[in-house]
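Chain by chain, the residues run as shown.
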Amino acid sequence: MSKRQVIDISTEEALRQTDIIHILAQHLKDKNLKYCISTFGCQMNARDSEKIEGMLEEMGYQKTAKESEADFIIYNTCCVRENAEMKIYGRLGALKNIKKKNPNLIIALCGCMMQQDIVLDTLKKKYSFIDIIFGTYNIYKLPELMQTRFETKEPVIDIWDSHQDIVEDLPNTRKHAFKACVNIMYGCNNFCTYCIVPYVRGRERSRELDDILNEVRVLVADGVKEIMFLGQNVNSYGKTLSTPISFAKLLLEASKIEGLKRIRFMTSHPKDLSDELIEVISKCDNVSKGIHLPIQSGSSRILNAMNRKYTKESYLDLVEKLRAAVPHIEITTDLIVGFPGESDEDFLDTLDVAEKVRYAGAFTFIYSKRTGTPAASMEEQVPEEIVKNRFNKLLELTKGYIYENMKKYVGQTVEVLFEEISKNDKSVLSGRTDTGILVNVRAPEAFIGNFADVKIVDTKTHYLIGELAK
Ligand code: SAH
Ligand code: SF4
Ligand code: F3S
């Protein structure tokens with residue numbers, strides 16, 4: 001299919017859904033309806049939820065944080081680990097009671113979890129009170145699904161098993177006026193053997209460079225100062241486009257957009273991190289010097305079984321290369337403990353990498369068996385007790401290193417973009433450095449959305465404490 005056709009179909013689809021939004025808005029007018037959305041999982045889901053919110057608000061729904069006062073409740077679900085799914089099933093039990101009290105309530109479920117047949121079967125059997133179910137490929141069809149539900153008064157289930165066109169230009173919202181997330185690609189082709197994402201998000205598809213840059217320009221004109229480019233593996237951006245282009249080139253072009261003060265991105269797969277990208281990170285002032293570079297395991301044997309396509313040594317070389325080219329770079333990571341077959345020796349390799357790299361932040365996960373992934377049927381699943389012990393050890397070790405790393409900032413002055421009032425103290429604002437480190441500062445609310453120099457006076461493990469620099 002040529003590029004032209006894709007754009008035509010997508011535009012046509014976007015217009016169709018927009019028409020339905022307007023019909024619904026007319027129909028729901030003056031009803032003072034409220035929606036409540038819960039988002040689970042990663043930034044991809046968070047961004048999808050912004051699109052869902054945009055469509056609902058255009059229909060006339062107002063946002064509420066209370067499920068008990070909502071007319072429309074939607075859960076955007078995640079299934080990356082078993083506990084993510086358990087959380088959702090738990091919440092569904094409570095929803096049943098809310099629905100009993102308010103029979104007009106519409107309940108919708110969407111997101112990654114819905115893309116699994118086993119989940120759909122369970123929902124149909126045990127949770128038949130749910131009104132609308134859709135998946136990750138057809139979010140933009142929400143208006144049409146709602147219209148069908150209103151007209152037929154029957155449950156609507158619409159799950160696709162692959163992506164069709166990328167539909168652009170539907171209404172969407174963003175949490176902060178001054179920063180925004182932009183999808184640069186969807187799906188994943190890497191099939192790490194533990195991971196369910198490629199099965200529920202489909203094959204990797206990059207958006208056209210111009211579409212991304214135009215979206216960023218519009219956002220910047222609307223007051224956005226910081227952009228986060230999102231993809232499961234941003235380093236392979238553009239490889240499958242009809243005119244292939246690199247992620248480094250996209251970053252370089254975006255960095256030229258006037259008024260765009262910060263560009264962050266996630267996630268970087270170590271196997272695809274190019275020299276060209278390292279050069280762009282080091283040369284462009286507005287490209288973040290923070291990189292999320294998940295290693296998953298420090299053992300080359302386990303990395304091979306995980307299908308990660310790099311070794312402990314090549315990863316450490318990459319870290320060295322990054323640090324040589326970008327002296328103040330901060331590296332964060334994801335780590336999995338208890339992958340099938342992980343021996344004490346393999347685990348020691350993970351500890352060794354943590355010690356060598358000294359991450360600025362680390363998400364540590366216990367391996368979770370995901371039905372349908374190759375690792376789920378691997379022999380030698382590690383006993384729970386051993387995994388828990390390893391997990392606690394790794395967590396403690398990484399926490400210590402993170403704290404050590406944070407201490408180096410005490411006495412330094414850093415530039416902070418203020419984001420919001422701190423949850424614990426109303427006179428304190430929380431913001432982030434260019435590398436994504438959280439900073440708490442006593443400052444007036446008017447600073448939100450602005451940059452200021454902050455002198456760091458103290459630190460905790462997960463945030464710095466600073467004062468506005470004179
Ligand atoms: N695309 C990103 C990661 C997306 S999922 C990347 O490749 O880096 C986020 C994290 O969840 C992964 O980095 C991994 O550490 C963790 N994860 C994924 N599947 C998991 C599983 N089955 N059990 C435990 N952790 C898992
Ligand atoms: Fe999952 Fe691997 Fe794809 Fe990341 S790169 S989403 S861990 S399959
Ligand atoms: Fe979860 Fe889907 Fe993200 S499974 S981690 S919400 S891509």
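Criteria and cut-off values
- Residues numbered from 1 in each chain as written.
- Chains lettered and ligands numbered in written order.
- Predicted model: local features only at pLDDT ≥ 70, side-chain atom pairs only at ≥ 80, totals over all residues.
- Heavy atoms only, no water.
- Near = heavy atom within 4 Å.
- Nonpolar A, V, L, I, M, F, W, Y, C, P; charged D, E, K, R; others polar.
- Polar contact = N/O pair within 3.5 Å; in protein donor to acceptor, adjacent residues only side chain to side chain.
- Areas by Shrake-Rupley, 256 points an atom, 1.4 Å probe, with all protein chains shown as cover.
- Domains from an automatic or database assignment.
- Contact = heavy atoms within 4.5 Å.
- Buried area = accessible area lost by both parts, 1.4 Å probe.
- Salt bridge = Lys/Arg side-chain N within 4 Å of Asp/Glu carboxyl O.
- Helix = DSSP H or I, 4+ residues; strand = E, 2+ residues; numbered from the N terminus.
- Buried < 20%, exposed > 50% of the residue type's maximum accessible area, 1.4 Å probe, protein only.
- Pairing = 2+ DSSP bridges.
- Axes fitted to C-alpha atoms, helices over the stretch in contact; angles between N-to-C directions.

A. A look at the site of ligand 3. Close to ligand 3 lie G41, C42, N45, C78, C79, V80, C112, R201 and Q232, which account for all nearby residues. Partitioning the shell around ligand 3 into residue classes produces 5 nonpolar, 3 polar and 1 charged.

B. Local environment of the site of ligand 1. The full set close to ligand 1 counts 15 residues, and R81, Q232, Q296, D334 and S368 are the nearest of them. Here a nitrogen atom of ligand 1 and a backbone polar atom of Q232 are 2.8 Å apart. Within the backbone of S368, a nitrogen or oxygen atom sits 2.8 Å from a nitrogen atom of ligand 1. The fraction of the free accessible surface of ligand 1 (540 Å²) that becomes covered by protein chains is 90%. By residue class, the composition of the shell around ligand 1 is 7 nonpolar, 4 polar and 4 charged. Of the domains in this structure, domain 2 (174–288) and domain 3 (290–407) are the two that each give at least three residues to the shell around ligand 1.

C. Representation of the domain arrangement of the chain within the structure. Its domain assignment divides the chain into domain 1 (3–158), domain 2 (174–288), domain 3 (290–407) and domain 4 (413–468). The gap between the C-alpha centroids of domain 2 and domain 3 is 24 Å. Taken together, the contact between domain 2 and domain 3 spans 21 residues of the former and 28 residues of the latter. Contact between domain 2 and domain 3 buries roughly 2,100 Å² in total, counting both sides, with carbon and sulfur atoms accounting for 68%. When residues of domain 2 are sorted by the area they lose upon contact with domain 3, T193, Y194 and P270 head the list and together hold 36% of the total. Across the domain 2-domain 3 interface, the total number found is 1 salt bridge. For K321, the salt bridge identified is with D275, shortest N-O distance 2.7 Å. Viewed at the interface, domain 3 and domain 2 are joined by 11 residue pairs in polar contact (both at pLDDT 80 or more). When residues of the side of domain 2 that touches domain 3 are traced back to their parent elements, those giving at least two are β11 (262–266) and α9 (275–283). A total of 4 residues in the side of domain 2 that touches domain 3 trace back to one element, the largest contributor, which is α9. For the side of domain 2 that touches domain 3, the per-class residue count stands at 12 nonpolar, 7 polar and 2 charged.

D. How the structure looks around the pattern of salt bridges. Tallying each qualifying case throughout the model produces 35 salt bridges. Salt-bridge contacts for D131 lead to K99; the nearest nitrogen and oxygen are separated by 2.6 Å. Separated by 32 residues along the polypeptide, D131 in the loop between α4 (117–126) and β5 (132–134) and K99 in helix α3 (residues 82–101) bring together distant segments of the chain. D131 gets classed as buried once you look at its relative accessible area, which sits at 5%.

E. View of the environment of I263. On the secondary structure map, I263 appears in strand β11. On the accessibility criterion, I263 (0% relative accessible area) is buried. The spatial distance from the C-alpha of I263 to the C-alpha of T435 is 10 Å, given a sequence separation of 172 residues. Discounting residues that sit within four places of it in the chain, I263 has contacts with I227, F229, L251, A254, S255, N286, V287 and S288.

F. Structural context of the sheet that holds strand β15 (residues 413–421). A barrel is described by the order of its strands in space; here 5 strands give the closed sequence β15-β16-β17-β19-β18, paired in mixed fashion. Shown here is a sheet whose adjacent strand axes are inclined to one another by a mean of 55°, direction ignored. In this sheet, strand β17 (residues 438–442) lies alongside strand β16 (residues 428–432) in antiparallel orientation, the contact comprising 5 bridges. Paired with R432 across the two strands is L438, which belongs to β17.

G. Highlighting the side chain of T373. Mapped onto the secondary structure, T373 falls in the loop between β14 (361–366) and α13 (384–407). For T373, a relative accessible area of 3% translates into the label buried. In terms of polar contacts, T373 uses its side chain to reach the backbone carbonyl oxygen of R370, at 2.7 Å. Discounting residues that sit within four places of it in the chain, T373 has contacts with T193, Y194, C195, I196 and Y199.

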